[in-house]
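Each chain, written out:
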Amino acid sequence: MLFVVTVTFVLINSIPGDPVRILVGPSADAAAIEAARARYGLDQPLYIRYVRYVAAVATGDFGTSIHYGGVAVTVKIFERLPVTPLLLASSFTLAIGSAIPLGIFAAKNRNNGYDHLARITSLIGVSTPSFWVGLLLIIVFAYYGDLLPPSGLVMPWADPASVEGAASRLDVLATAASHLILPSITLGTLQMAAITRIERSSMLEVLNKDYVQLARAYGVSERTILRKQAFRNAQLPVLTVIGIQMTTALGGAVLTETVFNINGMGNLIITAVRAQDYQLIMGTTIFFAIVFVLGVLVVDVLYAVIDPRISYGGGAGE
Amino acid sequence: MLAGCTSDSGSETTSEGDGGGGETTAGGATETAAGGSDATINIGQALNPVRFDPITQLSNPDALVANRVFSQLYTYGEGTDVVPNLATSMPTIERDNTRYIVEIVDNAMFHNGDPVTAEDVAYSFRTPIEEETPLLGIFSVIDTVEAIGETTVQFDLSNPYAMFQHVLTHQVVPEAVREEDKEAFSTQRPIGSGPFKFVEWEESNYVTLERWDDYWGDELPDVAGVEFTPITESTTRVTNLRTGDVDVVETIPPRLWETVESTEDTSISEIESVGYFYVAFNCNEGPTADKRVREAIDYSFSMDDAVDRYIDPAGLRQYGPLPGQMVEEWDMPLEEWMEIPNDKDVEQATALFEEAGVPADWDAKIIVPPDDNRENIGLSIANGIKEAGYEAHVERLDWGAMLSRAYTGNASDYNIYVLGWVRYPEPDDFIYNLFHEDSEGVNQGVYYKNDEVMEQIQGARESTDRDERQQLYQSAISTLLEEKVHLPAFNYKNSYGVKSTVSDFQVHPVSPQNPRLLTGYNNVSVDR
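Residues numbered from 1 in each chain as written. Chains lettered and ligands numbered in written order. Predicted model: local features only at pLDDT ≥ 70, side-chain atom pairs only at ≥ 80, totals over all residues. Heavy atoms only, no water.

**A word on empty space enclosed by the protein**
All names here are of chain B. To keep things clear, this is the line we draw: Within this scheme a cavity is a closed region of a 1 Å grid, computed over the protein atoms alone, that accommodates a 1.4 Å probe without allowing it to escape, whereas a pocket is open but has protein on both sides within 12 Å along at least five of seven lines; lining residues each have an atom within 4 Å of a point. Grid points are joined across faces, edges and corners, and a volume is the space filled by probe spheres set on the points. Working definition: helices are DSSP H or I runs of at least four residues, strands are E runs of at least two. Numbering for both runs from the N terminus. Under the convention adopted here, Pro, Cys and the residues Ala, Val, Leu, Ile, Met, Phe, Trp and Tyr are nonpolar, Asp, Glu, Lys and Arg are charged, and Gly plus all remaining residues are polar.
Per the counting criterion, the structure on display carries one cavity of 30 Å³ or more. A volume near 90 Å³ is recorded for the largest cavity. Lining the largest cavity, in full, are Asp298, Met303, Arg317, Tyr319, Trp337, Ile340, Pro341, Leu481, Lys484, His486, Leu487 and Pro488. The greatest single-element share of the lining of the largest cavity, amounting to three residues, is contributed by strand S18 (residues 486-499). Of the residues that constitute the lining of the largest cavity, the class distribution is eight nonpolar, one polar and three charged.

**So, the confidence of the model for chain B**
Residue and element names in this part refer to chain B. Threshold: Every residue gets a pLDDT, meaning the predictor's confidence in that residue, from 0 to 100. It only takes one pair of heavy atoms within 4.5 Å for two residues to be counted as in contact.
In this model, chain B carries an average pLDDT of 90, and 93% of its residues clear a pLDDT of 70 or more. Within the model, the stretch residues 1-35 combines pLDDT values under 50 with 150 contacts to residues more than four positions away or in other chains. Reported confidence for the predicted complex is 0.76 by ipTM and 0.83 by pTM.

**Here's the deal with a positive patch on the surface**
Residue and element names in this part refer to chain A. Heads up, the rule is: Residues forming no salt bridge and having over 30% relative accessible area are the ones grouped into patches, like charges within 9 Å of each other and nonpolar side chains (Val, Leu, Ile, Met, Phe, Trp, Tyr) within 5 Å. For the area figures, the Shrake-Rupley method with a 1.4 Å probe applies, and any residue is considered shielded solely by the protein chains shown. Here, a salt bridge means any side-chain nitrogen of Lys or Arg that lies within 4 Å of a carboxyl oxygen of Asp or Glu. For the purpose of charge, His is not counted, nor are the chain termini; Lys and Arg are scored as positive and Asp and Glu as negative. Note that the charge is assigned to NZ on lysines, CZ on arginines, CG on aspartates and CD on glutamates.
On the surface, a cluster of positive charge is made up of Lys108, Arg223, Arg227 and Lys228. With three residues, helix H11 (residues 222-259) is the single largest residue contributor to the positive patch. Locating arginine 223 in the fold gives a position in helix H11.

**Remarks on the domain arrangement of chain B**
Residues and elements named next belong to chain B. The condition is simple: Each domain span listed reflects an automatic or database assignment of domains. Buried area: the accessible area, evaluated with a 1.4 Å probe, that two parts lose upon being put together, summed over both parts. Contacts described as polar in this section are N or O atom pairs within 3.5 Å, which, within protein, must combine one atom able to donate a hydrogen with one able to accept it, while residues neighboring in sequence count only if both atoms come from side chains.
The assigned domain composition of chain B is domain 1 (38-69 + 194-265 + 500-527), domain 2 (71-179) and domain 3 (275-492). Here the C-alpha centre of domain 3 lies 34 Å away from the C-alpha centre of domain 2. In this complex, domain 2 contributes eleven residues to the contact, which on the side of domain 3 involves 13 residues. The largest contributions to the domain 2 side of the interface with domain 3 come from Thr80, Ala162 and Met163, which together make up 45% of the buried area. Counting across the interface, domain 2 meets domain 3 through zero salt bridges. Applying the counting rule to domain 2 against domain 3 returns three residue pairs in polar contact (both at pLDDT 80 or more). Taken together, the residues of the side of domain 2 that touches domain 3 break down into seven nonpolar, four polar and no charged.

**Remarks on the domain arrangement of chain A**
Splitting chain A by domain gives domain 1 (1-61) and domain 2 (74-203 + 238-274). Relative to domain 2 of chain A, the C-alpha centre of domain 1 of chain A lies at a distance of 35 Å.

**Re the packing of helix H16 (residues 427-435) of chain B against helix H17 (residues 451-462) of chain B**
All names here are of chain B. Where we set the bar: All axes are obtained by fitting lines to C-alpha atoms, using only the stretch in contact for helices, and the reported angles, taken between N-to-C directions, cover 0 to 180 degrees. Rotating anticlockwise by less than a right angle from the far helix to the near helix defines a left-handed crossing, while the corresponding clockwise rotation defines a right-handed one.
Where H16 contacts H17, the two axes come as close as 10 Å, and the packing angle between them is 145 degrees. Between H16 and H17 lies a crossing of left-handed hand. On the side of H16, the interface is formed by Asp428, Ile431, Tyr432 and Phe435, while H17 contributes Met454, Ile457, Gln458 and Arg461. Split by residue class, the contact of H16 with H17 holds five nonpolar, one polar and two charged.

**Considering the UniProt feature "domain: ABC transmembrane type-1" (unreviewed entry) in chain A**
Convention followed: UniProt positions are given in the numbering used here, feature names are shortened, and annotations may be inferred rather than shown by experiment.
Under the UniProt annotation, "domain: ABC transmembrane type-1" (unreviewed entry) lies at residues 81-303 of chain A. Each end of residues 81-303 of chain A is marked by a C-alpha atom, and these two atoms are 27 Å apart; helix forms 79% of the span and strand 0%.

**Points about the interface of chain B and chain A**
Each side of the interface is counted separately: chain B has 41 residues, and chain A has 37 residues. For the pairing of chain B and chain A, the buried interface totals around 3200 Å² over both sides, and the portion due to carbon and sulfur atoms is 52%. When residues of chain B are sorted by the area they lose upon contact with chain A, Pro134, Glu203 and Arg242 of chain B head the list and together hold 15% of the total. The interface formed by chain B and chain A contains two salt bridges. Summed over the shared surface of chain B and chain A, the number is 13 residue pairs in polar contact (both at pLDDT 80 or more). Among the secondary structure elements, those contributing two or more residues to the side of chain B that touches chain A are helix H3 (136-139), strand S10 (225-230), helix H7 (234-243) and helix H15 (399-405) of chain B. It is H7 of chain B that contributes the most residues to the side of chain B that touches chain A, seven residues altogether. Class assignment for the residues of the side of chain B that touches chain A results in 14 nonpolar, 19 polar and eight charged.

**Digging into the UniProt feature "transmembrane region" (unreviewed entry) in chain A**
Residues and elements named next belong to chain A. Per the UniProt record, "transmembrane region" (unreviewed entry) is annotated on residues 86-105, 117-144, 172-195, 236-260 and 280-306. As annotated, residues 172-195 comprises 100% helix and 0% strand, and the C-alpha atoms at either end are separated by 31 Å. Counting secondary structure, residues 236-260 comes out at 96% helix and 0% strand; the distance between its end C-alpha atoms is 34 Å.

**A word on the packing of aromatic side chains**
Residue and element names in this part refer to chain B. Under the convention used in this document: Pairing of aromatic side chains here covers Phe, Tyr and the six-membered ring of Trp, requires ring centres within 6.5 Å, and sorts the geometry by plane angle: under 30 degrees stacked, over 60 edge-to-face, intermediate tilted. Burial classification: accessible surface area is computed with a 1.4 Å probe over protein chains only, and a residue below 20% of its type maximum counts as buried, one above 50% as exposed, and the rest as partly exposed. A ring is scored as having a charge over it whenever the NZ atom of a lysine or the CZ atom of an arginine sits within 6 Å of its centre and within 35 degrees of its normal.
In this structure the tally under the stated criterion is 26 aromatic pairs over all chains. Seen from their ring centres, phenylalanine 277 and tyrosine 492 are 4.8 Å apart, and the 75 degrees between their planes marks the pair as edge-to-face. Within this pair, whereas phenylalanine 277 is found in strand S13 (residues 275-281), its partner tyrosine 492 is found in strand S18, the two being separated by 215 residues in sequence. In this structure, phenylalanine 277 and tyrosine 492 share a single accessibility class: buried. Linked through ring pairs, Tyr100, Phe125, Phe139, Phe155 and Phe164 together constitute an aromatic cluster. The ring of tyrosine 432 has arginine 461 sitting right over it, with the charged end atom 3.4 Å from the ring centre. The ring of tryptophan 330 carries arginine 466 above its face, with NZ or CZ at 4.1 Å from the centroid.

Pasting the structure below:
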């Protein structure tokens, strides 16, 4: 984590620009600029700012945001915290839920029309920028279709009294779902495409293994082979890709939240970058790094669950 | 210069004159039926507000909200004329234009029930100087400001300042409340004396205001409240208007203009903004310090075509450093100025570049802010320079980098920059900040040297004789245009997409005045 903090600090301070100029506005004179710089400690030499920052981060203090007039960075992060994980969870559920059956189906029907369709779909999904997908969905389903809301997000656990038109918990859940559909498709398209591709190729690989051929020779039905022998063994590479997709999904969340006006971490990062708010950029970056590390950890644990040959116990090997 | 980015001006008022000459109806609430409807108007903002304390300066998105909450000492009428709001009449000017005495109404109240006092007014103007907030640059002309009676405030200036009446459009805050907790005042409990009370703000989500039924003005708003929702992506914002999630959206970009116009039950309300977007040359260093090079660049491309392609219909071509309304109000020679830009003539451009001895390997550095439209203007210039036989590059910089580099005067940072200025509707604000030598490195990076022009700008700033000022500005601007210090480019329109359910919506040229929900000439209502 020290590495992340250091690299982020160096990069942020290497880019041209001056957050104080943005803060104080166009009519500020030199004295006002200097006063603001001193107020936020930006008048200190870089190494002093670095040492101070590392020491503060070690105690959980990520500093204060210039853009938000001195509000603690951690406060801003915690304000936005539930939103992005909800969006990520929703989009991954959609992506995994559709990609795995699609991949298996394509593998089972290798080289026929269904397979080609699945491959072309996933190729388009991988190649299409998420903001474009988002705008297209908004235009089709919100602007012309008027079927789904074009922006905002309602949390499923929100108080019904605070949600417009909601009388019960069920109404809140329906409203939350309607708000989640378009951003989840937008964010999940890339994941779905990548997972479909790996699911298909991984299944094909397993289906060509000797033990599967042997099972076929014994007359085991294709359905049983898929369900009992091939599926589980094919999931390890898929899990790896899902882990990798988490990193791209965090990036995708930034664009998706902007397009759909969702106030999560992605939107916060965009705000921080636009305002060149050093502390906020560093705080959100470190937060994303922590989320990424935790995500990788979860994938590692799941490896062991899926494949009993993988053990993190440190015991003697065979 | 940050387009639409800063302003401490503009507010709702019910006590304006008729918009024609500063006449006031302030002083005395009349018995008016409480509000016309129970509907709340939903407004989609283009940017997120972040704080609402006028003392620490309001950016444009902040002002859109805060100007409904706070009253001002003076405000604007239907045009760009300054009219009284909390003041009872226009100020009395004494002591060779350096003393302004203002009487305020005696019945105005803040939302917490406290009276608006002369001391609150003095505090509102004194504190930005004492706290060295970003307003310091504008307010530093005030030497002292004090309450000299219960309803009388006296401003003593360190020198005559012709646009001081526009500075007096600042919002008035309650001293006691703000001093109690400045942070809470800015974000949780902004208390003003405007027609709407602040209710709640969830950052990046919404701001809600409600009609203040005890408003001291002549009339109450016809809407029960206002909800502002920031929707930064313009396609999403326009879609929200189409679906009826919002009643009004701010800022229609050029590419969506036709879409909004053709949307059922929706129209665009627009008016030319008080702004000016321009191409500026580094006259301090590098080839552009030579007038022939600036002239050559003007020959190398067509600004008319660039504006037609990238700005129209969301903006319009501009031929001088003053926006349309001010050109008209100040009787400036627009026809004459329109003759100054060169028609595209690449051969003439090449000849001038050669005559000026520009080295064949010159690579013009054009810097632009993070704005597609201004980047496109920069690219048009770069293409023109390339056609004339030289290299040119456009660098799109973030705001912080742009502001750090655009005013250095170093040719290594820029030869040309594309920026804009949006603020007070007063020639001094444009001309002094963008051309005077005292603004070098602060608000301008042209470093143009011409003693006569500088004296004219300074003279116009210190005089309150309008005819004299007109002559001085006319002469200075004509010289600046002839000398190609700037190539005036375009001006935006303040544009709002409005549902047909909204009545009496009018757009004001001073951006933060909008959305005008209640004034002496309009009172917005929503029929749902």
